[in-house]
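# Descriptive analysis of the structure
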Amino acid sequence: MRSFLMGLCEVVVRVLTWPLYVMKAVGLYKRLFPLLAYNITFSYNAKMHEEKRNLFRNLWKYANTDGTLRLLEIGCGSGANFKFYPDGCTVVCTDPNPHFKKYLQMSMHGSDHLTYENFLVAQGEDLGHIGDESVDVVVCTLVLCSVTDVQRVLSEARRILRTGGGFYFMEHVVSEPSSWTFFFQHVLQPLWYFLGDGCVITRATWEDLEAAGFSELHLRHIEAPQVPITIRPHIVGHAIK
Ligand SMILES: C[S@@+](CC[C@H](N)C(=O)[O-])C[C@H]1O[C@@H](n2cnc3c(N)ncnc32)[C@H](O)[C@@H]1O
């Protein structure tokens, strides 16, 4: 009964949101989304401050013997994580949406403890411009929900990481099937897909991480505080190549 109701509600939401999809199809929303994401980042970061601080606390252990640390962010967006990176770290930013550049630059100006190498407009599924084993750390936060092919992104992350390098993640994921969160995630998915510029809230991303072939995986399931119920279940952690 519940799955019938869930399917029915999902169809209704899908029908009601079709004008939004037209807007997305003509590319209007690609321009608007970075402004929205930039502003939402402030409240998300405030709520997740402790989690992010703990997550990125040990980044320096991936530094090279000469003290350098080269970090690449997949789907960097407006640069929400910059303030959590250690002093002197070199950052390579990548994102498929070029309209993030303006907001990225604003975050860069506010984080001059870092060195910025460049901003590469690229999908995480194809980071062909980045050499094999050329970075010490790869970061992905709130991105694996939006990519087309999670496994390809993880395989690119592993390719560009040096052996022993770290992959850091913080992602919202699907809830337990018996929960109301799961129900609302499925019913609201069509609307969320538009609002989040391709964001899928029903992914069991931890399964992709488990299958990605890292030598170690340190993953925790958490409930993000004070965020909408649809994105409350999160996974957070790091993997080692
Ligand atoms: C919700 S935003 C998160 C941005 C940032 N990582 C953060 O934590 O605030 C999702 C980001 O994923 C990017 N994205 C979407 N599809 C992608 C893909 N195939 N590869 C890499 N990034 C992608 C979007 O352009 C956007 O910047």
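Structure: see above.
Below is a summary of the structure that appears in this document. (Residues numbered from 1 in each chain as written. Predicted model: local features only at pLDDT ≥ 70, side-chain atom pairs only at ≥ 80, totals over all residues.)

### Some points on the site of the ligand
Taken together, 21 residues form the shell around the ligand, and within it Gly75, Gly77, Ala80, Gly124 and Thr141 come nearest. Residues that form the shell around the ligand fall into these classes: nine nonpolar, 10 polar and two charged. (Near = placed C-beta within 6 Å. Nonpolar A, V, L, I, M, F, W, Y, C, P; charged D, E, K, R; others polar.)

### Observations concerning the nonpolar core
Counting residues in hydrophobic clusters, the biggest one holds 49 residues, and the most contacted among them are Leu71, Val135, Val137, Val138, Ala157 and Phe167. Put simply, the parts of the chain that give this core at least two residues each are helix 4 (49-56), strand 1 (70-74), strand 2 (90-94), strand 4 (135-141), helix 6 (150-160), strand 5 (161-172), helix 7 (180-195) and strand 7 (233-240). When residues no more than four places from it in sequence are discounted, the contact partners of Ala157 are Ile74, Val138 and Phe167. (Core = buried A, V, L, I, M, F, W, Y, C linked by C-beta atoms within 7 Å. Buried ≥ 20, exposed ≤ 12 C-beta atoms within 10 Å, placed from the backbone. Helix = DSSP H or I, 4+ residues; strand = E, 2+ residues; numbered from the N terminus. Contact = placed C-beta atoms within 7 Å.)

### Looking at helix 6
Within helix 6 the residues assigned to the buried category are Val150, Val153, Leu154, Glu156, Ala157, Arg158 and Ile160. Where helix 6 is buried, its residues contact strand 1, strand 4, strand 5 and helix 8 (205-210).

### A look at the environment of Glu223
Tracing the backbone shows Glu223 in strand 6 (residues 216-223). With 129 residues separating them in the primary sequence, Glu223 and Thr94 have C-alpha atoms 28 Å apart.

### Some points on the pairing of strand 4
Counting buried positions along strand 4 yields seven of seven residues, so the element is predominantly enclosed. Two elements, strand 1 and strand 4, share three bridges in a ladder whose sense is parallel. The residue bridging Leu71 from the neighbouring strand is Val137, located in strand 4. The sheet contact formed by strand 4 and strand 5 spans six bridges and is parallel. Paired with Val139 across the two strands is Tyr168, which belongs to strand 5. Considered for its hand, the β-α-β crossover made up of strand 4, helix 6 and strand 5 is right-handed. (Pairing = 2+ DSSP bridges. Right-handed = clockwise from strand over helix to strand, strands pointing away.)

### A few points about the sheet that holds strand 6
Read across the sheet, seven strands follow the order 3-2-1-4-5-7-6 without closing on themselves; strand pairing throughout is mixed. Here the strands that pair on one side only, and so sit at the sheet edges, are strand 3 (115-120) and strand 6. Each adjacent strand pair in this sheet contributes to an overall mean axis angle of 15°, direction not counted. Its contacts with the sheet put helix 4 on strand 5, strand 6 and strand 7, and the angle it makes with strand 5 is roughly 170°. (Axes fitted to C-alpha atoms, helices over the stretch in contact; angles between N-to-C directions.)

### Side note on the packing of helix 1 (residues 2-16) against helix 7
For the pair helix 1 and helix 7, interaxial distance at closest approach is 7 Å and the crossing angle is 15°. Judged by the angle between their axes, helix 1 and helix 7 are roughly parallel. The handedness of the crossing between helix 1 and helix 7 is right-handed. Side by side, helix 1 and helix 7 meet where Arg2, Met6, Cys9, Glu10, Val13 and Arg14 of the first sit next to Phe183, His186, Val187, Leu188, Gln189, Pro190 and Leu191 of the second. (Parallel < 35°, antiparallel > 145°, perpendicular 65-115°, else oblique. Left-handed = near helix turned anticlockwise from the far one by under 90°.)

No statement about biological role is implied by the geometric values presented.
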